[in-house]
Amino acid sequence: MNKTEEEGREKAEIIHQRLLDKFGMPVWRVPLPAMDELVSTILSQNTNDVNRDKAFDSLRARFPTWEEVRDAPTDEVIEAVRIAGLANQKGPRIQNVLSQITEETGGLSLEFLKTYAPQDAMDWLLRFKGVGPKTASIVLVFSLGLPAFPVDTHVHRVSGRLGLRPEKMTADQAHGYLASLFKPENFGPDHMNIIRLGREICHARKPECDLCPLQDVCEYYRNIT
Ligand code: SF4
């Protein structure tokens, strides 16, 4: 391990502990079966959690099984998920993913991925159009119990300000990088607590550094004081 990696891991451990002290141990919303989580996360792209959940519930109310969603007229699927936004993209995308998974596995369950090595499970999911590293990581860590560190817009922004990752690193690239710094058993809670910090304190426009427990390890804060 080189010095930069060692410093990064030490900083990640401080962040882990301070955010636990501030926010407590976060609880993921009711864990969903992996197939449900995959669809829910596709719906969540570019919208908020409330509309994601409304769209998911509307889809399931109209089509109680994934087979029915897969085989439904596309315009009805689009209508069912409209509240999530980008419905013309998300509806067909969900149906395509369901069709491809059926073709490849003969069914619509992703539970078999639990037996895969984490990177193999990630690679398997990443082959589907509309499934990027964030979506695949969420399915892995929250539904399959496999280690992965999802990087959304909050995690990307906050980790950049903290100097936890190279400044120009993209969100997609940051998945593997941040996973190398945090402890695998903490990936889920650390992901959620960093999002909470991003939503409540480290806002995109104007971070409220006075309320933040990470001032002394933050490069952004060091540069403004
Ligand atoms: S000190 Fe400020 S910029 Fe740094 S993580 Fe906290 S809120 Fe964000």
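In this text, all values refer to a predicted model and were calculated from it rather than measured experimentally.

## Quick look at the overall build of the chain
- Each helix and strand counted, the chain has twelve helices and zero strands in total.
- Scanning the chain from its N terminus toward the C terminus, one meets helices and strands in the order α-α-α-α-α-α-α-α-α-α-α-α.
- Against the compact-globule benchmark of 17 Å for 225 residues, the chain has a radius of gyration of 19 Å, which places it among compact chains.
- Reported as C-alpha extents along the three principal axes, the dimensions of the chain are approximately 60 × 35 × 30 Å.
- Within the chain, buried positions represent 35% of all 225 residues.
- At a minimum sequence separation of 6, the contacts of the chain that also span at least 24 residues come to 64%.

## Topic: the domain arrangement of the chain
- When its domains are assigned, the chain resolves into domain 1 (3-27 + 150-224) and domain 2 (34-144).
- Contacts between the two partners involve seven residues from domain 1 and, on the opposite side, seven residues from domain 2.
- At the level of elements, α10 (171-179) and α11 (187-200) are the ones that each hand at least two residues to the side of domain 1 that touches domain 2.
- In terms of residue class, the side of domain 1 that touches domain 2 is made up of three nonpolar, two polar and two charged.

## So, the site of the ligand
- Looking at the ligand, there are 13 residues lining it, with Cys202, Pro207, Cys209, Cys212 and Cys218 nearest.
- For the shell around the ligand, the element with the most residues is helix α9 (residues 153-162), which contributes three residues.
- In the shell around the ligand, the residues fall into eleven nonpolar, one polar and one charged.

## Side note on unusual backbone geometry
- Positive phi outside glycine occurs at asparagine 46, with the angle close to 60°.
- Along the chain, asparagine 46 falls in the loop between α2 (34-44) and α3 (49-62).
- We note that leucine 86 has phi near 50°; this positive angle belongs to a residue other than glycine.
- For leucine 86, the location among the structural elements is in the loop between α5 (74-80) and α6 (87-105).

## With respect to α9
- Within α9, the full set of buried residues consists of Val155, His156, Val158, Ser159, Arg161 and Leu162.
- Following α9 by one or two positions, glycine 163 adopts a phi angle in the positive range, close to 80°.

## Some remarks on the environment of proline 189
- Assignment of secondary structure puts proline 189 in helix α11.
- Take proline 189: there are 19 C-beta atoms within 10 Å of it, and that puts it in the partly exposed class.
- Sequence spacing of proline 189 and isoleucine 14 is 175 residues, and the spatial spacing of their C-alpha atoms is 14 Å.
- Leave out the neighbours within four places in its chain, and proline 189 touches Met25 and Pro26.

## So, the nonpolar core
- If you look at the biggest cluster of nonpolar residues, it comprises 52 residues, and the most contacted ones within it are Val139 and Leu140.
- Looking at this core, the element that brings in the most residues is helix α8 (residues 133-144), giving seven residues.
- Those residues in contact with leucine 140 that lie beyond four places of it in its chain are Pro118, Ala121, Met122, Leu146 and Ala148.

## Looking at α2
- Taken across its eleven residues, α2 has nine buried, putting it largely inside the fold.
- Of all the positions in α2, only Ala34, Glu37, Leu38, Val39, Ser40, Thr41, Ile42, Leu43 and Ser44 are classed as buried.
- Against the buried residues of α2 lie α3, α6 and α8.

## Some remarks on the packing of helix α7 (residues 118-126) against α8
- For the pair α7 and α8, the least separation of the axes is 9 Å and the interaxial angle reads 130°. By the angle between their directions, the pair α7 and α8 is classed as oblique. The way α7 lies across α8 gives a crossing that is right-handed. Where α7 approaches α8, its residues Pro118, Ala121, Met122, Leu125 and Leu126 are matched on the opposing element by Pro133, Ala136, Val139, Leu140 and Leu144.

Cut-offs and rules
- Residues numbered from 1 in each chain as written.
- Predicted model: local features only at pLDDT ≥ 70, side-chain atom pairs only at ≥ 80, totals over all residues.
- Helix = DSSP H or I, 4+ residues; strand = E, 2+ residues; numbered from the N terminus.
- Rg over C-alpha atoms; globule rule 2.2 N^0.38 Å.
- Buried ≥ 20, exposed ≤ 12 C-beta atoms within 10 Å, placed from the backbone.
- Contact = placed C-beta atoms within 7 Å.
- Domains from an automatic or database assignment.
- Nonpolar A, V, L, I, M, F, W, Y, C, P; charged D, E, K, R; others polar.
- Near = placed C-beta within 6 Å.
- Core = buried A, V, L, I, M, F, W, Y, C linked by C-beta atoms within 7 Å.
- Axes fitted to C-alpha atoms, helices over the stretch in contact; angles between N-to-C directions.
- Parallel < 35°, antiparallel > 145°, perpendicular 65-115°, else oblique.
- Left-handed = near helix turned anticlockwise from the far one by under 90°.

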